[in-house]
Amino acid sequence: MSEHGMPETTMEDNLRTTAAEFLGRTPGACFIGYEAAPQGGTRPVFLRSAGDAGRLVWNRWCYANLTAYLPEMNGGEGLIGIAVKGCDARALRELVRAGQIERARLFVVGLPCTGLSALDGDTLAGRCHGCMYPEDFVYDATLGPMETPDLPHRADVAVEENPAGKTVEERRRFWEAELDRCIRCEACRKICYACYCPECIFEKTDPRWSSRRRDHADKFFFHAVRAMHLAGRCIGCGECERACPAGVRLMLLNRSLQRDVEVLFGYRGAGVDENVAPPLTTVSRDDPEFTVERTSP
Amino acid sequence: MTGEPAALTEKTREKNYEPKVLVFACNWCSYAGADMAGVARLQMPPNCRVIRVMCSARVRPEMVVAALTRGIDAVLVLGCHPGDCHYVEGNLHTRRRGLVLGGLLDTLGLEPERFQLRWVSAAEGQKYAEVIREVVEGVAALGPNPLGKQNVGTRNAGNHDGG
Amino acid sequence: MNPGCLDKAGIEDALMHLAASRDVFAPVREGGTLEFRRLPAGGLVFLGPEKTLLPLKTLYLPMTEDVFSRCMKAGETGMEIAAPMERDRVVFGALGCDIATLHLLDPVLLGEPPDEAYRERRERTAIVALACKGEGPECFCSSCDIDPACPGGSDVVLTDVGDAFLFDALTEKGSRILETLDGRLREATDDELATARSFDSTAADNIPLAKIPEDFADLWEADLWDDLASRCIGCGVCTLLCPTCYCFDVQDEQRGTESKRFKTWDSCMFSEFTRMAGGDNPRDTKRSRVRQRFLHKLQYYSSEHGKAACVGCGRCRVHCPVGIGIDEVITRLARGKVPGEVKGGGE
């Protein structure tokens, strides 16, 4: 309560008002945000009427990257309101410039996220280390200043984060054990914003690139190829790891690739800088030469 | 290609192991170089299967990974020297992709020698033969590709009861 | 004379003793997940009211199962049919929800003609159930006519009575297991017996399965499907972890000089599930697939076999990345018989 005895409006209240106003003045629109899940935490919600805006929430458990829903809606009708955290806004920039959704159809509400909670407690979620907001991103509304918060830097955690091991043999055994848990559900692929191909290579049956044989070679193929297709496009939102029912530590792989493109091509991250193209869509005559000598991860 | 056997170390002789190496060679430079090596009857190990592509950039990462997970012991991608690509920049794309793929395979615990990218021009028959010899010998010394082993990690797979 | 009891300290030893004469499976915690593994396995055996990630059905209808393999190497050409089971099996620590699914899979997989591999596993596997109270927030087995404290379909029921497990044989097969353990079991105390008798289910029993309309035509156009489909990402985790799902694909794959034909779990939630040669796909929208999944579980199956294909384990709800659970769907379907009823509803 403020000193005047009136309840102060929270960011959540502002979000609800903003969404309600948007839905009220835009017939045929929908608003994608978070609502409380009956089993605890939050889940995505699609609102179609201003009266439902009260269902929206904004808290430290708003994990989902809602932009992942947009490519499917491309080419449809009606405006789409969407709530985005800093990381999600980077994904949005990537989607717009890949032609996966028209910016003109979107009403983007920026959520000034200062870090999410870990799934199993109150500490900072692992995915939030190395948080980076997009630079010069144009939101249609914000609930506060959209600036990268002061959270532990990726570089600080990256060095300790090598459970896989220093030798090739150690890493081979680590990933054999880690991928053994994978049940080939491909939830990681389905939840990823960057996996928007209308016909994914893993869905093709003619030719069939990948069966669901579920032995190590099959899982290696799936995870290695998916990681390659994401190289330079992963925003580090960690949704793949959260969606995985078996707890495979996919972010180890994705972060390793992100470090590689940073070291090799100076690429700071997907969606950060509007003026820098994703690394695997461009070339340079000054790229390092290919060699079998590897620097340790 | 005429052959002499791949260099056999103690380890590989025991296992009776002959590496299978898959080579992608671009039409304009490296395939022509391979042809030149053949015409000149240069001695090379017979362990390679060569696939001609119009440009090394045609090779997608999934082709490399598919080969490595289906019984191939090493994949070698050959292209024109940077600056000489028939399609101007194709090999620069190949180089970028190769750098990232190489790093990824290394992270996942695959020996770096099992995926290589080299530049061989149409006039470099000698170099082609040297590259082939070097790669095959190197891979022979490593032993068979562990990814090619059948039914590794079949806790959930194969002829069983799921346990 | 009171039933036999085994002190917890002696469990692992007893399991290994059984393993001399048959394959023993038990929940094992390894790398953060709990799964049924054949003993001995790395990791700790865990006998408690916690569901394994993959349901018991995995031991009867494996995720991937070879049918045959062919070798095409010179001098070695030939074909090898997948080997049959070698030894009888016993599963320890199965929970009521998982066991009940076997009775839902039997009408499908033991119909004419029966799936031989499944049939053999059913006949040659003894089940030692663990009595459970259905305490998980996701549990609603009691709404599905399942008593987790005394699971039907088991051969022996273990009840945790503190420092020991009470062993209660329910069938001939079960008695034989106890005979093998003879000498390791002691008589239960009266206190222990009382503890066992006081096991009661606390699982939610108010999920209105019975109130789902019988005629699916009433539900075909419900807005509920749009609501779910907009959130659903089509990952299929619900179907892969669901104890009652049984759809599988048959694929051929060649690696080097060997090729295998194998059965592998498939999912109706995958977009390519109903894709046919030529590219036509009768269920090519997410909405149609979401609708099909729930109508199959809750209506088509029950029209044919008399019971809905749901055991209230709640795995779908726990693991769905976007918070869809079949309990919520049942509640919403049961509430109204007219399309459009659920518009804007969200509880």
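Residues numbered from 1 in each chain as written. Chains lettered and ligands numbered in written order. Predicted model: local features only at pLDDT ≥ 70, side-chain atom pairs only at ≥ 80, totals over all residues. Heavy atoms only, no water.

Our focus in this paragraph is the overall build of chain C. For chain C, the helix and strand inventory stands at ten helices and 13 strands. Here the C-alpha atoms of chain C give a radius of gyration of 22 Å, agreeing with the 20 Å that 2.2 N^0.38 yields for 347 residues. Across its three principal axes, chain C shows a C-alpha extent of roughly 65 × 60 × 40 Å. Relative to its full complement of 347 residues, chain C shows a buried share of 55%. Residue pairs in contact within chain C that sit at least 24 positions apart in sequence constitute 70% of those at least 6 positions apart. Counting only carbon and sulfur atoms, one obtains 50% of the accessible surface of chain C, whose full area is about 14,700 Å². Side chains of chain C carry 42 positive and 57 negative charges; the gap between the two charge centres is 4 Å. (Helix = DSSP H or I, 4+ residues; strand = E, 2+ residues; numbered from the N terminus. Rg over C-alpha atoms; globule rule 2.2 N^0.38 Å. Buried < 20%, exposed > 50% of the residue type's maximum accessible area, 1.4 Å probe, protein only. Contact = heavy atoms within 4.5 Å. Areas by Shrake-Rupley, 256 points an atom, 1.4 Å probe, with all protein chains shown as cover. Lys, Arg positive; Asp, Glu negative; His and termini not counted. Charge placed at Lys NZ, Arg CZ, Asp CG, Glu CD.)

All names here are of chain B. Reading across the sheet, the four strands line up as β2-β1-β3-β4 and stay open at both edges, with parallel pairing between neighbours. At either margin of the open sheet sits one strand with a lone partner, and together these are β2 (48-53) and β4 (115-119). Neighbour-to-neighbour, the strand axes of the sheet open up by a mean angle of 20 degrees, direction not taken into account. Across five bridges, strand β3 (residues 74-79) lies against β4 in parallel orientation. Counterpart to V75 in the pairing with β4 is F115. Lying on the sheet, helix α3 (residues 61-69) is in contact with β1 (21-26), β3 and β4; it crosses β3 at an angle near 150 degrees. Along the sheet, helix α4 (residues 90-107) contacts β3 and β4; its crossing angle with β4, the most-contacted strand, is approximately 155 degrees. (Pairing = 2+ DSSP bridges. Axes fitted to C-alpha atoms, helices over the stretch in contact; angles between N-to-C directions.)

Take the sheet that holds strand β13 (residues 258-265) of chain C next. All names here are of chain C. Pairing is antiparallel across the open sheet formed by four strands, whose spatial order is β6-β5-β13-β12. The open sheet has two edge strands with one neighbour each: β6 (78-81) and β12 (248-255). For this sheet, the mean angle separating the axes of adjacent strands, direction not counted, is 20 degrees. Relative to β13, strand β5 (residues 64-71) runs antiparallel, the two being bridged by seven bridges. Residue S69 lies in a different strand from β13, and its bridge partner there is K260.

One widely used convention gives an interface's size as the accessible area the parts lose upon coming together. Residues and elements named next belong to chain A. Here chain A is described as being made up of domain 1 (8-142) and domain 2 (159-280). Taking the mean C-alpha position of each, domain 1 and domain 2 sit 24 Å from one another. The partner domain 2 presents 23 residues to the 23 residues of domain 1 that form the contact. Taken over both partners, the interface formed by domain 1 and domain 2 buries close to 1,900 Å², and the fraction arising from carbon and sulfur atoms is 52%. Among the residues domain 1 hides against domain 2, the three largest losses belong to R90, R97 and R127. Together they make up 31% of the total. There are three salt bridges connecting domain 1 and domain 2. Between E135 and R268 there is a salt bridge; the shortest N-O distance is 2.9 Å. Counting across the interface, domain 1 meets domain 2 through twelve residue pairs in polar contact (both at pLDDT 80 or more). Ranked by residue count, the leading element in the side of domain 1 that touches domain 2 is helix α3 (residues 86-97), at eight residues. Considering only residue class, the side of domain 1 that touches domain 2 consists of twelve nonpolar, four polar and seven charged. (Domains from an automatic or database assignment. Buried area = accessible area lost by both parts, 1.4 Å probe. Salt bridge = Lys/Arg side-chain N within 4 Å of Asp/Glu carboxyl O. Polar contact = N/O pair within 3.5 Å; in protein donor to acceptor, adjacent residues only side chain to side chain. Nonpolar A, V, L, I, M, F, W, Y, C, P; charged D, E, K, R; others polar.)

Judged by nonpolar contacts, the single largest core of 204 residues is most densely connected at F31 of chain A together with F92 of chain C. No other element matches the eight residues that helix α7 (residues 216-230) of chain A contributes to this core. Of the residues that make up this core, three or more belong to each of domain 1 (8-142) and domain 2 (159-280) of chain A. Aside from chain neighbours lying at most four places away, what touches F92 of chain C is L15, L18, V24, F25, A26, P27, F36, L47, V128, L158 and F167 of chain C. V23, A37, V120 and V131 of chain B belong to the second largest nonpolar core, which has 18 residues in total. (Core = buried A, V, L, I, M, F, W, Y, C linked by side-chain atoms within 4.5 Å.)

A separate point is the interface of chain A and chain B. Listed per partner, the contact involves 46 residues of chain A and 47 residues of chain B. At the junction of chain A and chain B, the tally comes to three salt bridges. Note that R96 of chain B is salt-bridged to D287 of chain A, the shortest N-O span being 2.9 Å. Between the two partners, chain A and chain B, sit twelve residue pairs in polar contact (both at pLDDT 80 or more). No other element matches α7 of chain A, which puts ten residues into the side of chain A that touches chain B.

Now for helix α1 (residues 11-25) of chain A. Residue and element names in this part refer to chain A. In this model α1 runs 21 Å from its N-terminal to its C-terminal C-alpha over 15 residues, within 8% of the 21 Å that 1.5 Å per residue would give. When we look at burial in α1, the residues that qualify are L15, T18, A19, F22 and L23. Taken around the axis of α1, the buried residues stretch over an arc of 125 degrees, which confines them to a single face. Seen from the buried face of α1, the exposed residues on the opposite side, beyond 90 degrees, are G24 and R25. Each element contacted by the buried residues of α1 is listed here: β1 (30-36), β2 (42-47), β3 (80-84), β4 (106-110) and β5 (141-142). (Expected span 1.5 Å × (residues − 1). Arc of directions from axis to C-beta.)

Below, the discussion takes up the packing of α7 of chain A against α3 of chain B. Two elements in contact, α7 of chain A and α3 of chain B, have axes whose closest approach is 10 Å; the angle formed by their N-to-C orientations is 165 degrees. Regarding the angle of α7 of chain A to α3 of chain B, the classification is roughly antiparallel. The element α7 of chain A and its partner α3 of chain B pack so that their crossing is right-handed. Contact with α7 of chain A, carried on its side by A217, F220, F221, A224, V225, M228 and H229 of chain A, involves P61, E62, V65, A66 and T69 of chain B of α3 of chain B and no other residues of that element. (Parallel < 35°, antiparallel > 145°, perpendicular 65-115°, else oblique. Left-handed = near helix turned anticlockwise from the far one by under 90°.)

Excluding glycine, a negative phi dihedral is what most residues carry, and trans is how most peptide bonds are arranged. Each neighbour pair has its own omega, and for D206 of chain A with P207 of chain A the value is 0 degrees, a cis peptide bond. In this model, L39 of chain C is joined to P40 of chain C through a cis peptide bond whose omega is -5 degrees. Mapped onto the fold, P40 of chain C is located in the loop between β3 (33-38) and β4 (44-45). Positive phi outside glycine occurs at E186 of chain A, with the angle close to 65 degrees. Among the structural elements, E186 of chain A can be located in the loop between α5 (168-180) and α6 (187-191). Classification of E186 of chain A by relative accessible area gives buried; the value is 2%. In this model, D145 of chain C sits at a positive phi of 60 degrees, which is unusual for a non-glycine residue. Mapped onto the secondary structure, D145 of chain C falls in the loop between β8 (125-130) and β9 (156-160). Using a relative accessible area of 67% as the deciding quantity, one classes D145 of chain C as exposed.

On to the packing of aromatic side chains. Any aromatic ring pair is given by two values, namely how distant the centres are and how the planes are angled relative to each other. Taken as a whole, this structure holds eleven aromatic pairs over all chains when the rule is applied. Between F174 of chain A and W175 of chain A, the aromatic rings sit 5.2 Å apart at their centres with planes inclined by 90 degrees, giving edge-to-face as the arrangement. We classify F174 of chain A as buried; its relative accessible area is 13%. Accessibility expressed as a relative area gives 2% for W175 of chain A, which makes it buried. Among the aromatic side chains, those forming a connected cluster through ring pairs are F202, W209, F221 and F222 of chain A. Over the aromatic face of Y60 of chain C sits the side chain of R89 of chain C, whose NZ or CZ is 5.4 Å from the ring centroid. (Phe/Tyr/Trp six-rings, centres within 6.5 Å; stacked < 30°, edge-to-face > 60°. Lys NZ or Arg CZ within 6 Å of the ring centre and 35° of its normal.)

Nonpolar side chains collect at one region of the surface, where W28, M54 and Y87 of chain B lie side by side and expose about 300 Å² of accessible area between them. Counting through the fold element by element, M54 of chain B comes out in the loop between β2 and α3. (Patch = residues over 30% accessible without salt bridge, like charges linked within 9 Å, V, L, I, M, F, W, Y side chains within 5 Å.)

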